[in-house]
Number of protein chains: 2
Amino acid sequence: MESMSDALDSVFSALADPTRRAILSMLLEDDMAVTDVADPFDMSLAAISKHLVILTKAGLISQEKRGRVKWCKLQPDAMRSASVWMQGFGQFEPVNLDAFERFLKEELQETVDP
Amino acid sequence: MESMSDALDSVFSALADPTRRAILSMLLEDDMAVTDVADPFDMSLAAISKHLVILTKAGLISQEKRGRVKWCKLQPDAMRSASVWMQGFGQFEPVNLDAFERFLKEELQETVDP
DNA sequence: CGTATCGTCAACCATTTGGTTGAATAACGC
DNA sequence: GCGTTATTCAACCAAATGGTTGACGATACG
């Protein structure tokens, strides 16, 4: 069984990598096949496959195989415990979604198009 | 200059270690000297000192030297960007502070008293 | 002054991480 | 059936991480 602390470990360390954060941002749009996830990155498919395993183990995505294609789906609920943990350190401003979209776009640029 | 993505990298990877999360929880109570931070952990002072450097570089704490004692102070604002990033993936329930205190206590137990 | 305390530094070590390649497995399309 | 596409596996590698120890520089105390 996984302790609470282990869950925070795996979620925070999954989120600590810019490639993995970029993948999560992409999946915010829609579910994607592994190959399509890998496409914008300057990195082997095998490397992306490993990142997806890490995201899956952290519970941040799920993967379902249909035919020869494996679909990746965002599971944002896995962020809840981490989010709650952080919220305990302060009340952060209510989310400005417009600002957030600009933020995501910029981060995506930085990551896949350096 | 530090990009947004670098800031998220350093904050999330700082938070990915249970020892460092426990330190932050301790500092929620009050500012502390390095030696006192190190006290509950079964680990050398030098190791804790390194963790504190990582937390400082991430902006999550500040350190001020008065006399021969270096005081550590929580800087929860550094979590804001990371929190906002995560919030973008879903509206997580409003924080239940009682539950959060139980949560922290349990995590602290697991970490310093295994 | 001498000594004890606070904290960091430097060197070292084992393990983990993030990437690579090439081969292997599995499902499609002709 | 056969080539092609989708994905993972295995072996390997360099660099980063998290820890140790012992020496060291500063500050405080008696």
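Numbering of residues starts from 1 in each chain and follows the order in which that chain's sequence is written. To read the labels, note that chains go from A and ligands from 1, taken in the order they are written. Note on the predicted model: pLDDT of at least 70 is required for a residue's local features to be given, and 80 or more for side-chain atom pairs to be given and counted; whole-chain, interface and lining totals, by contrast, use all residues. The side-chain values count all of the structure's non-hydrogen atoms but skip hydrogen atoms and water molecules.

- In the nomenclature of an unreviewed UniProt entry, chain A is known as Transcriptional repressor SdpR of Shimia thalassica.

What about helix 5 (residues 80-87) of chain B?
- Relative accessible area decides the class of each residue, using a 1.4 Å probe on protein chains only: under 20% of the type maximum gives buried, over 50% gives exposed, and in between gives partly exposed. Under the scheme used here, helices are H or I runs from DSSP no shorter than 4 residues and strands are E runs no shorter than 2 residues, and both carry numbers assigned from the N terminus. The buried count for helix 5 of chain B comes to six of eight residues, which makes it a mostly enclosed element.
- The set of residues buried in helix 5 of chain B consists of B:Ala82, B:Ser83, B:Val84, B:Trp85, B:Met86 and B:Gln87.

What about the packing of helix 5 (residues 80-87) of chain A against helix 5 of chain B?
- Remark: helix 5 of chain A packs on helix 5 of chain B, axes separated minimally by 10 Å, with the N-to-C direction vectors making an angle of 145 degrees. Viewed along their axes, helix 5 of chain A and helix 5 of chain B form a crossing whose handedness is left-handed. Each of A:Ala82, A:Ser83, A:Met86 and A:Gln87 in helix 5 of chain A lies in contact with helix 5 of chain B, whose residues at this interface are B:Ala82, B:Ser83, B:Met86 and B:Gln87.
- For the contact of helix 5 of chain A with helix 5 of chain B, a count of residues per class yields four nonpolar, four polar and no charged. In this analysis an axis means a line fitted to C-alpha atoms, helices contributing only their contacting stretch, and an angle means the value between N-to-C directions, from 0 to 180 degrees. Should the near helix be turned anticlockwise from the far one by less than a right angle, the crossing is left-handed, and should it be turned clockwise, the crossing is right-handed. We call two residues contacting when some pair of their heavy atoms lies within 4.5 Å. Each residue gets one of three labels, nonpolar for Ala, Val, Leu, Ile, Met, Phe, Trp, Tyr, Cys and Pro, charged for Asp, Glu, Lys and Arg, and polar for the others, Gly among them.

Considerations on the nonpolar core
- Take the buried residues of types Ala, Val, Leu, Ile, Met, Phe, Trp, Tyr and Cys, join any two whose side-chain atoms come within 4.5 Å, and each joined set is a nonpolar core. Grouped together as the largest cluster of nonpolar side chains are 60 residues, with contacts concentrated most on A:Leu24 and B:Leu24.
- Look past the residues within four positions of B:Leu24 in its chain and what remains in contact with it is A:Trp85, A:Phe89, B:Leu15, B:Leu55, B:Leu60, B:Ile61, B:Leu74 and B:Met79.

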